[in-house]
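# Coordinates in review
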Amino acid sequence: MSLRYVEYKLEDGKNVRMTLNFGLLYKLRAADRKTYDNLNKVLIKGQKEVLDSVDLLYGAYKCANLSESMSKENFIEKMNKDFGYNNESLKRLTNQRKK
């Protein structure tokens, strides 16, 4: 079985992979508990504010790139600035279908 990745385009045009695969989430939890906890909070309790989406996007990015990942601050600087694109990326990550 292959892993399901979502391609995410950074502001500079570079594509990075993201995933919420359970096996990789276990690895993320062991490697970076703070990032995992922030991601988990949003997935379990839902978004409470707009910036929660950054925690989810960064966590999914780090989950897919554990061996070589940028810091959260660097990710925030490079993340796509298009609000709609980020929302669509979140939907693809959580496998939400359009109604």
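Rules behind the numbers
- Residues numbered from 1 in each chain as written.
- Predicted model: local features only at pLDDT ≥ 70, side-chain atom pairs only at ≥ 80, totals over all residues.
- Heavy atoms only, no water.
- Helix = DSSP H or I, 4+ residues; strand = E, 2+ residues; numbered from the N terminus.
- Buried < 20%, exposed > 50% of the residue type's maximum accessible area, 1.4 Å probe, protein only.
- Contact = heavy atoms within 4.5 Å.
- Areas by Shrake-Rupley, 256 points an atom, 1.4 Å probe, with all protein chains shown as cover.
- Lys, Arg positive; Asp, Glu negative; His and termini not counted.
- Charge placed at Lys NZ, Arg CZ, Asp CG, Glu CD.
- Phe/Tyr/Trp six-rings, centres within 6.5 Å; stacked < 30°, edge-to-face > 60°.
- Lys NZ or Arg CZ within 6 Å of the ring centre and 35° of its normal.

## Looking at the overall build of the protein
- Across its full length, the protein holds five helices and two strands.
- Helices and strands in the protein line up, N terminus first, as β-β-α-α-α-α-α.
- Along the three orthogonal principal directions, the C-alpha set of the protein runs to about 30 × 30 × 30 Å.
- The buried share among the 99 residues of the protein stands at 37%.
- Contacts in the protein between residues at least 24 apart in sequence constitute 53% of all its contacts with a sequence separation of at least 6.
- Total accessible area on the protein stands at roughly 6500 Å², and carbon and sulfur atoms take up 50% of it.
- The positive charge centre, built from 20 side chains, and the negative charge centre, built from 13, are 7 Å apart in the protein.

## Concerning the packing of aromatic side chains
- Applying the stated criterion across every chain, the model contains five aromatic pairs.
- Plain terms: the ring middles of Tyr8 and Tyr85 are 5.5 Å apart, the flat faces sit at 45° to each other, and that makes the pair tilted. Of this pair, Tyr8 sits in strand β1 (residues 6-9) while Tyr85 sits in helix α5 (residues 83-93); the two residues are 77 residues apart in sequence, bridging distant segments of the chain.
- Taking the centre distance of 6.0 Å and the plane angle of 40° together, the rings of Tyr58 and Tyr61 count as tilted. Separated by three residues within a single helix, Tyr58 and Tyr61 lie in helix α3 (residues 52-64), roughly one turn from each other. Each member of the pair Tyr58 and Tyr61 is classed as buried.
- Cluster of aromatic residues (ring-pair linked, three or more members): Tyr8, Tyr58, Tyr61, Phe75 and Tyr85.
- Positioned above the aromatic ring of Tyr5 is the side chain of Arg17, whose terminal nitrogen or guanidinium carbon lies 3.8 Å from the ring centre.
- Lying across the ring of Tyr36, Arg29 places its NZ or CZ 5.8 Å from the centre.

Note that all results are geometric; they support no functional claim without further evidence.
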